[in-house]
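# Residue-level structural notes
Here is how the chains run, residue by residue.
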Amino acid sequence: MRYIMTIFWTFLLAQMLVYVVGSMNGVPFNFSMGLILTAVFSVLVFILSAIIPDEPAHEKGSH
């Protein structure tokens, strides 16, 4: 479920980004660009979540 919701929200945010940037530049909306950004951003989020540890460091002075 975590992966489905990540892809869903990434899809919505990527489509919003494509729409806003496209309208600021005066170009028509490109749905496929949003799908490409969704795939790229989702993979980056999955990689970052695998790299970042879930538990805090218990070493003294490691703030």
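Throughout, a residue's number is its position along its own chain's written sequence, starting from 1. This being a predicted model, a pLDDT of at least 70 is required before a residue's local features are given, and a value of 80 or more before pairs of side-chain atoms are given or counted; all residues contribute to the totals for chains, interfaces and linings. The side-chain figures draw on all heavy atoms in the structure; neither hydrogens nor water molecules are used.

Named according to an unreviewed UniProt entry, the protein is DUF2929 domain-containing protein originating from Niallia circulans.

Moving on, we come to the overall build of the protein. Numbering of helices and strands starts at the N terminus; helices are DSSP runs of H or I of at least 4 residues and strands are runs of E of at least 2. The secondary structure content of the protein amounts to 2 helices and 0 strands. Radius of gyration (C-alpha) of the protein: 17 Å, far over the 11 Å computed for a compact globule of 63 residues. With the principal axes as the frame, the protein shows a C-alpha extent of 55 × 25 × 15 Å. Restricting the calculation to C-alpha atoms gives the radius of gyration, and the globule rule supplies 2.2 Å times the number of residues raised to the power 0.38.

Attention now moves to the side chain of S42. Here S42 lies in helix α2 (residues 31-51). For S42, a relative accessible area of 4% puts it in the buried group. By definition in these notes, contact holds between two residues if any of their heavy atoms fall within 4.5 Å. Among residues more than four places away in sequence, those in contact with S42 are I7 and T10. A simple rule labels every residue: compare its accessible area, found with a 1.4 Å probe on the protein chains alone, to the largest value its type can have, and call it buried under 20%, exposed over 50%, or partly exposed in between.

With respect to the helices, strands and loops of the structure, M16 is situated in helix α1 (residues 2-25). Taking C-alpha positions, M16 is 8.2 Å from G34, a pair spaced 18 residues apart along the chain.

Relative to the 34 Å expected for 24 residues at 1.5 Å per residue, α1 spans 34 Å between its end C-alpha atoms, a close match to the ideal helical length. If you check which residues of α1 are buried, you get T6, T10, A14, Q15, V18 and G22. The elements touched by buried residues of α1 are α2. The positive-phi residue at the C-terminal boundary of α1 is G26, with phi of around 80°. Between the first and last residue of a helix there are one fewer steps than residues, each counted as 1.5 Å, and that sum is the expected span.

Looking now at a nonpolar patch on the surface. Judged by side-chain polarity, L13, M16, Y19, V20, M24, F29, F31 and L35 come together as a nonpolar surface patch covering roughly 860 Å² of accessible area. With 5 residues, α1 is the single largest residue contributor to the nonpolar patch. By the element assignment, L35 lies in helix α2. Excluding any residue in a salt bridge, patches collect residues exceeding 30% relative accessible area, merging like charges within 9 Å and nonpolar Val, Leu, Ile, Met, Phe, Trp and Tyr side chains within 5 Å. Note that accessible areas follow from Shrake-Rupley with a 1.4 Å probe, and for residues the cover is restricted to the protein chains shown. We define a salt bridge as a side-chain nitrogen of Lys or Arg found within 4 Å of a carboxyl oxygen belonging to Asp or Glu.

Turning our eyes to something else, we now look at the packing of α1 against α2. Helix packing geometry: the angle between the two helix axes and the distance between the axes. The interhelical angle for the contact between α1 and α2, taken along N-to-C directions, is 135°, at an axis separation of 8 Å. Classed by the angle they form, the pair α1 and α2 counts as oblique. Crossing geometry of α1 relative to α2 is assigned as right-handed. For the pair α1 and α2, the contacting residues are Y3, T6, I7, T10, F11, A14, Q15, L17 and V18 in the first and F31, M33, G34, L35, L37, T38, F41, S42, V45 and F46 in the second. Here an axis means a line fitted to C-alpha atoms, over the contact stretch when the element is a helix, while the angle between two N-to-C directions is reported on a 0 to 180 degree scale. For classification purposes, angles smaller than 35 degrees are called roughly parallel, those larger than 145 roughly antiparallel, those between 65 and 115 roughly perpendicular, and all remaining angles oblique. Crossings are sorted by hand: turned counterclockwise from the far helix by less than a right angle, the near helix makes the crossing left-handed, and turned clockwise it makes it right-handed.

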